[in-house]
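Reading the structure
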Amino acid sequence: MMLNITAKHDDACNCLEDLYMSVADWFHVDYELMYSEAWGFSYTQGHNLSETSLLSDLFRPGNGDRDALWQLYHGMAVTCTQPKSVSEVIDVICRELGNNKPVILYMDSFWCPWYKGRYQQFHTAHYCLITGINETHDVLYCVDGQNAGNGAELPVYNMAQGFGEYITFNKVEPSFADRSWQEIISDSMKRFNLSDNSIFDMLRCFAKDLVPKVDFNAELSQYKDNPFNAPLFELFLAIGRGRKQFAKSLQYLSINYNDARLMGFADRLIRAGDRWSSIFGMIIKSYYMNKEIEMLKKVAQKIEEAADDEERIASELREYAETGHTASKQIHLIKSHMPLDNDLKQYFFVDLTNYYNNKAFDEVYNDKITAELSNGGRFMLSDDIPKDRNWNIEHMKFLFPAIGTGVNDNISCNAQNIPIPSLEYNHLMLLGCSELGNHADYLMVAYKDGFTEQVPIELTSWLTPKPTFGECIALTGRGAVKNSISGNVDIYPFTVSIYAAHYALKHEGIIDSIKLPYCLNIHLFALTLGK
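The notes below deal with the structure included here. (Residues numbered from 1 in each chain as written. Predicted model: local features only at pLDDT ≥ 70, side-chain atom pairs only at ≥ 80, totals over all residues. Heavy atoms only, no water.)

As a further point, take empty space enclosed by the protein. Taken as a whole and assessed by the stated rule, the structure comprises one cavity of 30 Å³ or more. Of the voids in this model, the largest cavity is the one considered here, and its volume is about 30 Å³. Contributing to the lining of the largest cavity are S36, I184, I185, S188, F246, S249, L250 and L253. Secondary-structure elements contributing two or more residues to the lining of the largest cavity are α5 (181-190) and α8 (231-256). Among the elements that line the lining of the largest cavity, the one with the most residues is α8, at four residues. In terms of residue class, the lining of the largest cavity is built from five nonpolar, three polar and no charged. (1 Å grid on protein atoms, 1.4 Å probe; cavity = no way out; pocket = protein on both sides within 12 Å on 5 of 7 lines; lining within 4 Å. Points joined across faces, edges and corners; volume = space filled by probe spheres on them. Helix = DSSP H or I, 4+ residues; strand = E, 2+ residues; numbered from the N terminus. Nonpolar A, V, L, I, M, F, W, Y, C, P; charged D, E, K, R; others polar.)

Below is the structure:
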């Protein structure tokens, strides 16, 4: 028995939510309104940390009851069962496949042969979609959105070592099929309690408590070998995903009710999710780096900014749902990256050699790999770099750094101040990427006349399949990770990227210096000025 299902993947979803999209596609039902309560947050304030010592016990992403909403709005009933035996799992799989229905199965990734970097190395929670079983019932066929999109085999022996709950599906009549978009949004807004102790007030309190209360040693005591799976970090990731998932609901309502303003709100929620992606990356970076307090203060500042911005979005969205009007004039976000239509008359390559403090590229067969673009031993393969260091990407020109053994090749932005030799230029071009999330910040261009211009820079993660902020892909290559336990190097089954972005400077004058942002997650390989 085999169902022909290809797994879907979305960066706004975890491994289980990816499979829900695949199930929805198989049953020909929608799923988007299951996320109509995904935008949330809760924080238990005034709690005595001596009782728990873990900040991660005190806050939650507040993503709503996804399964219940899927049934209410789209008619997909979800049943989650904790099995008592392997034979029960096999019986259910055979029954459901016989009815042309897949089954989602929880698995410890330690026992998933297709999960590179986890199989026989780390115990982490994972879900796969069972799409078939062989005649002798000793091999299951499955897909997942992150590592086995086109299918993989799961021996029943492996399944027996690491299985957990299974999830089955049935189509029913949706209870809320006739609700208006105004009713849907108004219900969601009630959870925010905008008048008194709202989720945004809780976010501000959380930001103030972050620096004094977070204890990385306690939070990661059981996750030293695999920090990314620590609950603290997973909760931050879930907050950002919730914003982007709520945006999916708004996009769905915008299309189905032909309301362009809702698409504008969705764009703003996507940007809010990007901010939380940045926060997620920065707090992980603060764990890895020695400048823990400095980075945590920056994280707290960004959380306060997120609270203020999201409160405005929520207030305007509620007003629009109740009255059909809003004070907001912004429907679609203006991107800071501006494409160039033609070559510029002159280009100046800023020499960054003395400021390089990170090594991103290395050879996969090098016995002494020193590159680590992203914490956890992650790097890019130098074999994929063009031999010519002069790069021309859509009228942007760069001098790519020289790559060598033990030689740094990029800047991890740490508020470096780079002097410029008295030049008058009005275009700025960056070659870079972000790590541990997509990141946005500002660099400062100082002019001889005393004027300072703030330039918003936004760079997509090197692991993201397409640009988030409208940049150009400058290099597509291979990424790898050096396993901290075995020392083996695993090449990623997907491509990685470096991006190019252009910014038009507004001030006219001689540039004196450029100060980079304090965001270690942003990496720059080259910087060019033009006119």
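Bringing the environment of W181 into the picture now. Tracing the sequence through the fold places W181 in helix α5. For W181 and N256, which are 75 residues apart along the polypeptide, the C-alpha to C-alpha distance reads 9.2 Å. In contact with W181, not counting residues within four places along its chain, are L253, Y257, D259, L262, Y320 and A321. (Contact = heavy atoms within 4.5 Å.)

Bringing the sheet that holds strand β7 (residues 148-155) into the picture now. Strand order across the open sheet formed by six strands is β3-β8-β4-β5-β6-β7, with antiparallel pairing between neighbours. Both outer strands of the open sheet, β3 (76-81) and β7, are each paired with one neighbouring strand and no more. For this sheet, the mean inter-axis angle between neighbouring strands, taken without regard to orientation, is 35°. One ladder, built from six bridges, connects β3 with strand β8 (residues 163-171); its direction is antiparallel. Residue M76 lies in a different strand from β8, and its bridge partner there is K171. Sitting on the sheet, helix α1 (residues 15-27) is in contact with β3, β4 (103-108), β5 (125-133), β6 (139-144) and β8, with an inclination near 30° to β5. (Pairing = 2+ DSSP bridges. Axes fitted to C-alpha atoms, helices over the stretch in contact; angles between N-to-C directions.)

Strand-to-strand pairing in sheets goes through backbone hydrogen bonds, with the strands running parallel or antiparallel. Taken together, four strands build an open sheet; the order of strands is β15-β21-β17-β18 and the sheet is antiparallel. The sheet is open, and its two edges are formed by β15 (417-423) and β18 (452-459), each paired on a single side. For this sheet, the mean inter-axis angle between neighbouring strands, taken without regard to orientation, is 25°. Relative to strand β21 (residues 511-515), strand β17 (residues 439-447) runs antiparallel, the two being bridged by four bridges. Across the sheet, the residue bridging to V445 is I514, located in β21.

All right, on to helix α9 (residues 260-288) then. Between its first and last C-alpha, α9 extends 43 Å over 29 residues, near the 42 Å set by a 1.5 Å rise per residue. Taking burial as the measure, the 29 residues of α9 include 22 buried ones, the bulk of the element. Capping the start of α9, D259 holds a side-chain oxygen 3.1 Å from the backbone nitrogen of R261, two or three residues further along. (Expected span 1.5 Å × (residues − 1). Buried < 20%, exposed > 50% of the residue type's maximum accessible area, 1.4 Å probe, protein only. Polar contact = N/O pair within 3.5 Å; in protein donor to acceptor, adjacent residues only side chain to side chain.)

Another aspect to go through is the nonpolar core. Counting 118 residues, the largest nonpolar core has W39, L210, F233, F236, I303, L431 and I514 as its most contacted members. Top element by residues in this core is helix α10 (residues 292-323). It accounts for 12 residues. Residues contacting F236, with those up to four places away along its chain left out, are F59, F206, L210, W276, I279, F280, I283 and I303. Counting 51 residues, the second-largest nonpolar core is a separate cluster that includes C15, M107, W114 and V143. (Core = buried A, V, L, I, M, F, W, Y, C linked by side-chain atoms within 4.5 Å.)

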